[in-house]
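# Residue-level structural notes
Residue-level listing of the chains:
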Amino acid sequence: INLDPIYLQDMNNVIIGSIINIKDITEKVKLENMRTDFVANVSHELKTPLTSISGFVETLKLNENIDVATRNRFLGIIESESDRLKRLIDDILLLSFIEKNETKSLELVNIYEIFMEVYEMTDYFAKSKNINVSYKFSDQSISILSNRDYIKQIFLNLIDNAIKYTPENNNVYVEVYYDKNNLVIKVGDNGIGIPKEDINRIFERFYRVDKARSRDVGGTGLGLAIIKHIVKSLDGTINVKSELGQGSEFIITIPKKFP
Ligand code: ADP
């Protein structure tokens with residue numbers, strides 16, 4: 001609020017009134033704070049792998065006689081931290097792209113076809129943990145006027161998370177159907193679940209229930225924030241039901257738009 005008054009005076013310079021200009025800038029300040037927080041978070045997230053990379057490079061440079069096994073272990077760490085940096089940068093760029101292009105061009109997309117692409121992409125990861133990914137489509141020809149890349153990203157992030165946060169030898173399921181004029185996508189698992197106090201925050205950028213666990217499984221903390229923005233841009237909704245130690249289910253609805 002700007003409380004600097006402008007005084008109104010009469011011909012004899014006697015103050016006869018004043019004008020106060022009141023402008024609500026709460027939203028602007030909130031947005032500005034969010035932006036500053038995001039930049040601080042991004043810098044921190046990028047700095048962690050970079051510090052590790054430069055530390056190991058320095059150690060390798062200073063110790064010429066390091067044994068082969070140790071050298072290879074250090075190189076392995078440098079490689080995985082570089083991969084992590086790449087994933088982070090890719091996700092940050094994707095998030096800012098979606099934010100800028102909320103009204104993306106729409107095309108008729110076959111949901112089953114896109115899902116199968118993602119199924120194949122995540123198959124190796126699922127098999128490595130002996131997780132069975134089952135799926136049920138009310139109709140394989142379900143098509144929706146939407147954006148192909150966005151739908152693919154939704155499946156990819158949700159299925160990847162379901163596998164990531166589910167212990168070995170368990171199950172992940174995908175269900176797709178129409179409910180009135182909405183396409184419904186459900187992705188569930190019988191994994192570790194999400195504590196009640198965290199459930200409203202998991203869609204925030206870089207929010208993770210367990211930072212160390214997310215890091216170990218290669219998370220960037222941006223997957224659900226990306227989905228939230230995609231769903232918003234498609235005028236849809238996202239909900240989550242979860243029980244700690246029992247599993248989670250993410251439910252997305254996207255309105256069917258007619259050409
Ligand atoms: P991350 O890269 O850490 O997985 P996300 O934005 O995709 O980031 O998810 C945010 C957090 O939500 C995760 O760190 C995890 O704690 C929690 N989460 C997401 N999906 C699941 C799931 N299927 N089961 C349990 N926890 C989940």
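Every chain is numbered independently, its residues counted from 1 as its sequence is written. In keeping with the predicted nature of the model, local features appear solely for residues at pLDDT of at least 70, side-chain atom pairs appear and are counted solely at 80 or more, and the whole-chain, interface and lining totals rest on all residues. Hydrogens and water molecules were not included; the side-chain quantities draw on all heavy atoms of the structure.

We now examine the pattern of salt bridges. Salt bridge criterion: a side-chain nitrogen from Lys or Arg within 4 Å of a carboxyl oxygen from Asp or Glu. Applying the stated criterion across every chain, the model contains 15 salt bridges. Linking Arg 213 and Asp 210 is a salt bridge whose minimum nitrogen-to-oxygen distance equals 3.9 Å. Classification of Asp 210 by relative accessible area gives partly exposed; the value is 35%. Each member of the salt-bridge network shares a partner with another, and the members are Glu 45, Arg 208 and Lys 211. Only protein chains enter the area calculation, which uses a 1.4 Å probe; residues under 20% of their type maximum are buried, those over 50% are exposed, and those in between are partly exposed.

If you look at soluble globular proteins, the nonpolar side chains tend to sit buried side by side. What is meant by a nonpolar core is a set of buried Ala, Val, Leu, Ile, Met, Phe, Trp, Tyr and Cys residues, joined one to another through side-chain atoms within 4.5 Å. Of all hydrophobic cores here, the largest spans 50 residues; its most connected members are Ile 111, Phe 155, Val 176, Phe 250 and Ile 252. Strands here are runs of E lasting at least two residues and helices are runs of H or I lasting at least four, both read from the DSSP assignment and numbered beginning at the N terminus. The element best represented in this core is helix H4 (residues 148-164), accounting for eight residues. Listed in part, the five residues of the second largest apolar core include Ile 53, Phe 74, Ile 78 and Leu 85.

Another aspect to go through is the packing of aromatic side chains. By convention, a stacked pair of Phe, Tyr or Trp rings (six-membered ring in the case of Trp) has centres within 6.5 Å and planes under 30 degrees apart, an edge-to-face pair has planes over 60 apart, and any other such pair is tilted. The full count for this structure, using the stated rule, is eleven aromatic pairs. Ring geometry for Tyr 112 versus Phe 137: centroids 5.1 Å apart, planes at 85°, classification edge-to-face. Of this pair, Tyr 112 sits in helix H3 (residues 111-128) while Phe 137 is found in strand E4 (residues 132-137), placing the two residues 25 residues apart along the sequence. On the accessibility criterion, Tyr 112 (18% relative accessible area) is buried. Relative to Tyr 135, the ring of Tyr 119 has its centre 5.3 Å away and its plane inclined at 70°; by these criteria the two rings are edge-to-face. Of the two residues, Tyr 119 is situated in helix H3 and Tyr 135 in strand E4; the sequence distance between them amounts to 16 residues.

Once that is clear, we can look at unusual backbone geometry. Phi is positive for Asn 13, close to 60°, though the residue is something other than glycine. When you line up the elements, Asn 13 lands in the loop between strand E1 (6-9) and strand E2 (15-19). We classify Asn 13 as exposed; its relative accessible area is 57%. In the Ramachandran plot, Asn 169 falls in the positive-phi region, its phi being about 65° despite a non-glycine side chain. Inspection of the secondary structure assignment puts Asn 169 in the loop between H4 and strand E6 (171-179).

On to H4. Helix span, expected: 1.5 Å multiplied by one less than the number of residues in the helix. In a regular helix each residue adds 1.5 Å, so 17 residues correspond to 24 Å; H4 covers 24 Å between its end C-alpha atoms and thus fits that length. Buried residues dominate H4, accounting for twelve of its 17 residues. Within H4 the residues assigned to the buried category are Tyr 150, Ile 151, Gln 153, Ile 154, Phe 155, Asn 157, Leu 158, Ile 159, Asn 161, Ala 162, Ile 163 and Lys 164. Near the N-terminus of H4, the side chain that reaches the backbone nitrogen of Asp 149, with its oxygen 3.1 Å away, is that of Asn 147. What qualifies as a polar contact is a pair of N or O atoms within 3.5 Å, subject to a donor-acceptor requirement within protein and to the restriction that residues adjacent in sequence count only when both atoms come from side chains.

Helix axes are fitted to C-alpha atoms over the stretch in contact, other axes to C-alpha atoms as well, and angles between N-to-C directions run from 0 to 180 degrees. Relative to each other, helix H1 (residues 26-62) and helix H2 (residues 68-100) sit at 160°, their axes nearing to 9 Å. In terms of axis orientation, H1 runs roughly antiparallel to H2. In the packing of H1 onto H2, the handedness of the crossing is left-handed. A per-class count over the contact of H1 with H2 returns 18 nonpolar, four polar and four charged. By the definition adopted for this analysis, an angle is roughly parallel if under 35 degrees, roughly antiparallel if over 145, roughly perpendicular if from 65 to 115, and oblique otherwise. When the near helix sits turned anticlockwise from the far one by under a right angle, the crossing is termed left-handed; a clockwise turn instead gives a right-handed crossing. Residues are grouped as follows: nonpolar covers Ala, Val, Leu, Ile, Met, Phe, Trp, Tyr, Cys and Pro; charged covers Asp, Glu, Lys and Arg; every other residue, Gly included, is treated as polar.

Buried residues dominate strand E7 (residues 182-189), accounting for seven of its eight residues. Pairing between two strands is assigned when DSSP locates at least 2 bridges connecting them. Sheet topology note: the E6/E7 ladder contains eight bridges and is antiparallel. Within E7, the position partnered with Tyr 178 by the bridge is Leu 183.

This brings us to the layout of surface pockets. Definitions used for this entry: grid spacing 1 Å over protein atoms alone; cavity, a set of points where a 1.4 Å probe fits but cannot get out; pocket, an open set with protein on both sides within 12 Å along at least 5 of 7 lines; lining residue, one with an atom within 4 Å of a point. Grid points are joined across faces, edges and corners, and a volume is the space filled by probe spheres set on the points. A volume near 940 Å³ is recorded for the largest pocket. If you trace the largest pocket, you find 38 residues lining it, with Asp 160, Asn 161, Lys 164, Tyr 165 and Gly 219 closest to the centre. Every element with two or more residues in the lining of the largest pocket is listed here: H2, H3, H4, helix H5 (211-216), helix H6 (223-233) and strand E9 (247-255). Here the lining of the largest pocket gets seven residues from one element, more than from any other, and that element is H4.

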